[in-house]
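A look at the structure
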Amino acid sequence: MAVPSHAEIMKKVREGTLIEAIFKRHWDCWPSEYGPYTDTLSEIHNQGHLDLAEGLSSDFLSHYPGHSKLIGRMVYASLLGKLNIPFAPLLDVIERLYDPVDDWRDISKILGSWCHKRRDRIEQVFEFVDQCDERYEKLQTLKAAISEAVQFEAEHHAERIYAYLVHPNQSYRLQAIEGLRHASFKKEQGWQNTIDVFRTVIGHDRSDDLRASLIDAVVCWFEVAPPAVHSAMQSFILETAEPPTPAVTSKIAWTLAHNSGHLKQRLWDSMLKVSQDAPLQAGDCSNLDFFLERLIKAGGVARAQDFLQHLLLKDGGKSEHRLSHFQSVVQVLLKGQPAILTAWVFNWLKIGDHRLCSELNNALFLGLEEPHQFTFEGTPFTFEPKEYGFIARKAI
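Positions within a chain are numbered from 1, following the residues in the order the chain's sequence is written. Totals for whole chains, interfaces and linings use every residue, but because this is a predicted model, local features are given only for residues with pLDDT of at least 70 and side-chain atom pairs only at 80 or more, for both listing and counting. Only hydrogens and water are removed before side-chain values are computed, so all heavy atoms of the structure are retained for them.

Notes on the overall build of the protein chain
Numbering of helices and strands runs from the N terminus; a helix is a DSSP stretch of H or I covering at least four residues, while a strand is a stretch of E covering at least two. A count of helical and extended segments in the protein chain gives 24 helices and zero strands. Here the C-alpha radius of gyration of the protein chain, 28 Å, is well above what a compact globule of 396 residues would show, namely 21 Å. Across its three principal axes, the protein chain shows a C-alpha extent of roughly 95 × 50 × 30 Å. For every residue, the accessible area (1.4 Å probe, protein chains only) is compared with the maximum for its type, and the residue is labelled buried under 20%, exposed over 50%, or partly exposed between those bounds. Of all 396 residues assigned to the protein chain, the portion counted as buried reaches 49%. Between two residues, a contact is recorded if the distance between any of their heavy atoms is within 4.5 Å. Considering only contacts within the protein chain whose residues lie at least 6 apart along the sequence, 72% involve residues at least 24 apart. None of His or the chain ends enter the tally, which takes Lys and Arg as positive and Asp and Glu as negative. Charge positions come from single atoms, namely NZ of Lys, CZ of Arg, CG of Asp or CD of Glu. The centroid of the 42 positive side-chain charges in the protein chain is displaced by 3 Å from the centroid of its 52 negative side-chain charges. What the globule rule says is 2.2 Å times the number of residues to the power 0.38, and the radius of gyration is computed from C-alpha atoms.

Considerations on the side chain of Asp-216
With respect to the helices and strands, the residue Asp-216 is situated in helix H14 (residues 208–221). With a relative accessible area of 9%, Asp-216 lands in the buried category. Sequence-distant contacts of Asp-216, defined by excluding residues within four places in its chain, comprise Arg-181 and Lys-251.

Some details on the packing of helix H21 (residues 327–335) against helix H22 (residues 338–351)
Between N-to-C directions, angles span 0 to 180 degrees; the directions come from axes that are lines fitted to C-alpha atoms, helices contributing only their stretch in contact. Running from N to C, H21 and H22 point in directions that differ by 115°, and their axes come no closer than 6 Å. Two secondary-structure elements touch here, H21 through Val-329, Leu-333 and Leu-334 and H22 through Ile-340, Leu-341 and Trp-344. Polarity classes work like this: nonpolar for Ala, Val, Leu, Ile, Met, Phe, Trp, Tyr, Cys and Pro, charged for Asp, Glu, Lys and Arg, and polar for all others, with Gly in that last group. Its residues placed into classes, the contact of H21 with H22 shows six nonpolar, no polar and no charged.

Details of the environment of His-182
Checked against the element boundaries, His-182 lands in the loop between helix H12 (170–179) and helix H13 (188–204). With a relative accessible area of 33%, His-182 lands in the partly exposed category. Separated by 56 residues in sequence, His-182 and Phe-126 place their C-alpha atoms 17 Å apart. Among all residues touching His-182, those that are not within four sequence positions of it are Ser-147, Val-150 and Gln-151.

Digging into the nonpolar core
Across soluble globular proteins, nonpolar side chains show a tendency to be buried alongside one another. In this structure, Phe-23, Tyr-76, Ile-94, Leu-292, Leu-308 and Trp-344 are the most contacted members of the largest nonpolar core, which totals 127 residues. Discounting chain neighbours no more than four positions away, the residues touching Phe-23 are Leu-56, Phe-60, Leu-61, Tyr-64, Ser-68, Lys-69, Ile-71, Gly-72, Tyr-76 and Leu-97. Each nonpolar core is a collection of buried residues, namely Ala, Val, Leu, Ile, Met, Phe, Trp, Tyr and Cys, held together in the definition by side-chain atoms within 4.5 Å.

What to know about the packing of helix H16 (residues 246–258) against helix H18 (residues 282–297)
One can describe the packing of H16 onto H18 by two numbers: an axis separation of 8 Å at closest approach and a directional angle of 30°. Between H16 and H18, the interaxial angle falls into the category roughly parallel. The handedness of the crossing between H16 and H18 comes out as left-handed. Residue-level contacts link Thr-249, Ser-250, Ala-253, Trp-254, Leu-256, Ala-257 and His-258 of H16 to Asp-284, Asn-287, Leu-288, Phe-290, Phe-291 and Arg-294 of H18. Should an angle fall under 35 degrees it is called roughly parallel, over 145 degrees roughly antiparallel, and 65 to 115 degrees roughly perpendicular, with every other angle called oblique. What makes a crossing left-handed is the near helix being turned counterclockwise from the far one by less than a right angle; a clockwise turn instead makes it right-handed.

Quick notes on unusual backbone geometry
For the bond running from Glu-242 to Pro-243, omega is -5°, close enough to zero to count as cis. Following the sequence through the fold, Pro-243 ends up in the loop between helix H15 (230–240) and H16. You will see that Arg-25, though not glycine, has its phi angle at about 55°, which is positive. Structurally, Arg-25 is set in the loop between helix H2 (18–23) and helix H3 (34–46). Within the chain, Cys-132 stands out as a residue other than glycine whose phi angle is a positive 60°. For Cys-132, the position within the fold is in the loop between helix H8 (119–130) and helix H9 (135–138). Classification of Cys-132 by relative accessible area gives exposed; the value is 55%.

Structural notes on the pattern of salt bridges
When their charged atoms lie close together, side chains carrying opposite charge are able to pair. The rule for a salt bridge is simple: a side-chain nitrogen of Lys or Arg has to be within 4 Å of a carboxyl oxygen of Asp or Glu. Enumeration according to the criterion identifies 20 salt bridges in this entry. Residues Asp-92 and Arg-135 are paired through a salt bridge, measuring 3.0 Å at the closest nitrogen-oxygen approach. Residue Asp-92 is found in helix H6 (residues 87–97), and its partner Arg-135 is found in helix H9; the two are separated by 43 residues along the sequence. A relative accessible area of 14% means that Arg-135 is categorised as buried. The salt bridge partner of Glu-359 is Arg-322, with a shortest N-O separation of 3.9 Å. One end of the pair, Glu-359, is in helix H23 (residues 354–365); the other, Arg-322, is in the loop between helix H20 (314–317) and H21, with 37 residues separating them in the sequence. On the basis of relative accessible area, Glu-359 is assigned to the buried category, the value being 5%. In this structure Arg-322 comes out as partly exposed when scored by relative accessible area, which is 34%.

This is a description of form; function is not addressed.
Here's what the structure looks like:
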């Protein structure tokens, strides 16, 4: 591992082989070293010693396929945003180096770095988008610019962003919403104004993807928005979640699994209720399984059991879902505190529904070499004499 010195890089500049050296990994730099490496490269470019963007012609890149091109892309993902170049040449290089679908993270990183705390550059992007160049959609340039704008000077750019939110072109609306995930308004009114504009948006467009993006954006605000607007944010999320169409349901399930740690119980519980009545896809079940496992470990056993009971008994007990589909839950029941498993099993046995009893057997006990021995220590059960026979019959 070695980060080249300024002198070593300048030697390659004089030899006319610097860009080749980058793609050939001449200095054997590791990705963890790309920060200081590209700091020096950008300094050399910005001081006018060599144009590291113009040198990336299509003809040059044709000589570096495969692994060499991958190395070059990785270095340039760290470098391009640091270069003092106009927006149009930057986009030309991005188009030559990166695939808009496969490399969207690199593209977002480059555009975000280039715009970072630069009002003039953010406005360059807005002007480019207003020219309706098709690349704004392909490269998600509006999203990147708004992401930076709302972190740096949200109030200054607000009116222009609101205009994109109500634009007739849905791509403008979606990119603006996604950019607003990173909002950081200094005043309470900025948050409320944005929620009001969001309501205007869904008043005209309640499409699945757009509502999912709105939910995602507002959920992210809870970490930074003042508590005074949390109630309005929560109400907006729950209004937007209805009806729970596929993209909305998937976004809620993903949020519960991966981005709910900062949410108040009232909100995540309401989102869970939306999920239990929605048509769930396999990926949704996986995310909910992950969330329910955490919920059980945190002491929310009753809420997790209520959710799964409702899910399994949907459609008159003909639900397509199975307890065995929730393997994280199954494993935490089998390997966790014995009293939790006992309470779960006997709660469902007392209900007496055949579907619930079958799910218990098939998911938890089928195939065991030895009968499971239940422990009642630490459980709250006090059975009436007549209940023993009822539960025994259901257990059989």
